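An overview of the molecular structure
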Amino acid sequence: AQSVSQHNHHVILSEAASLELGCNYSYGGTVNLFWYVQYPGQHLQLLLKYFSGDPLVKGIKGFEAEFIKSKFSFNLRKPSVQWSDTAEYFCAVNTRAGKSTFGDGTTLTVKP
Amino acid sequence: DTAVSQTPKYLVTQMGNDKSIKCEQNLGHDTMYWYKQDSKKFLKIMFSYNNKELIINETVPNRFSPKSPDKAHLNLHINSLELGDSAVYFCASSQAPGTSGGGTDTQYFGPGTRLTVL
């Protein structure tokens, strides 16, 4: 069975600090990888995704993620966070069969 | 012009009651999903439908029954509600399920329905 692990449950940063959120998955077949963001009181929305090609993908609001197949990882990064980045971040994996598995989420708090 | 809509937004009810949550998408997508997000923000898939057919059915109590009258709608009916059913339920849709469509499995989420069982 596939699984997704997000290592950091709660991250607290000051504005302008750099961010890296870890995501590892376990599945032997082809996967599509996603990061979704949930701002306070809002629904989930796509931040970025990887399905093929360049393993370094860029998303909205200056976020990027790198797919490292050998490590089964898809870590999310941002060089300089802002207070408005305070949110819940979910890594997700989709398989060919259409099954979606989400990680447990990482709460990011950015102090102004 | 909301892409994925859910009704109601809030639902407060007594234990033992039966309730339904409705979901509609106007994106022309073929696949729809129901997720449960608990108080710790953990997000778990419950069901997935593709072209009105059930393709994913995770381990949920059979008190939960999804119904898809057409591709644009996926409703969730819950019988005999229990305290542990309190959560936020999100509906989502995607153009296609799975990885064969070059990223067409990106999901678009509804605003959520906050269910509170007393």
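Residues numbered from 1 in each chain as written. Chains lettered and ligands numbered in written order. Predicted model: local features only at pLDDT ≥ 70, side-chain atom pairs only at ≥ 80, totals over all residues. Heavy atoms only, no water.

It is worth spelling out the pattern of salt bridges at this point. Oppositely charged side chains are able to pair whenever their charged atoms sit close together. Residue and element names in this part refer to chain B. Evaluation of the coordinates by the stated rule reveals 9 salt bridges over all chains. With its nearest N and O atoms 2.7 Å apart, the salt bridge here joins Asp-30 to Lys-71. A residue pair is termed long-range when its members are at least 10 positions apart, and Asp-30 in the loop between strand S3 (19-25) and strand S4 (31-37) and Lys-71 in the loop between strand S7 (64-70) and strand S8 (73-78) qualify at 41 residues. The exposure class assigned to Lys-71 is partly exposed, which follows from its relative accessible area of 36%. (Salt bridge = Lys/Arg side-chain N within 4 Å of Asp/Glu carboxyl O. Helix = DSSP H or I, 4+ residues; strand = E, 2+ residues; numbered from the N terminus. Buried < 20%, exposed > 50% of the residue type's maximum accessible area, 1.4 Å probe, protein only.)

Glancing now at the interface of chain A and chain B. Residue-level contacts link 22 residues of chain A with 23 residues of chain B. Buried area between chain A and chain B, both sides added, is near 2000 Å², and the carbon and sulfur share of it is 54%. The interface formed by chain A and chain B contains 2 salt bridges. In this structure, B:Glu58 engages A:Lys99 in a salt bridge whose closest nitrogen and oxygen atoms are separated by 3.4 Å. The interface formed by chain A and chain B holds 7 residue pairs in polar contact (both at pLDDT 80 or more) in total. Listing elements by their share of the side of chain A that touches chain B, those giving two or more residues are strand S5 (31-38), strand S6 (44-50), strand S10 (87-95) and strand S11 (100-102) of chain A. If you tally residues by element for the side of chain A that touches chain B, the top one is S5(A), at 5 residues. The residue inventory of the side of chain A that touches chain B, partitioned by class, reads 9 nonpolar, 8 polar and 5 charged. (Contact = heavy atoms within 4.5 Å. Buried area = accessible area lost by both parts, 1.4 Å probe. Polar contact = N/O pair within 3.5 Å; in protein donor to acceptor, adjacent residues only side chain to side chain. Nonpolar A, V, L, I, M, F, W, Y, C, P; charged D, E, K, R; others polar.)

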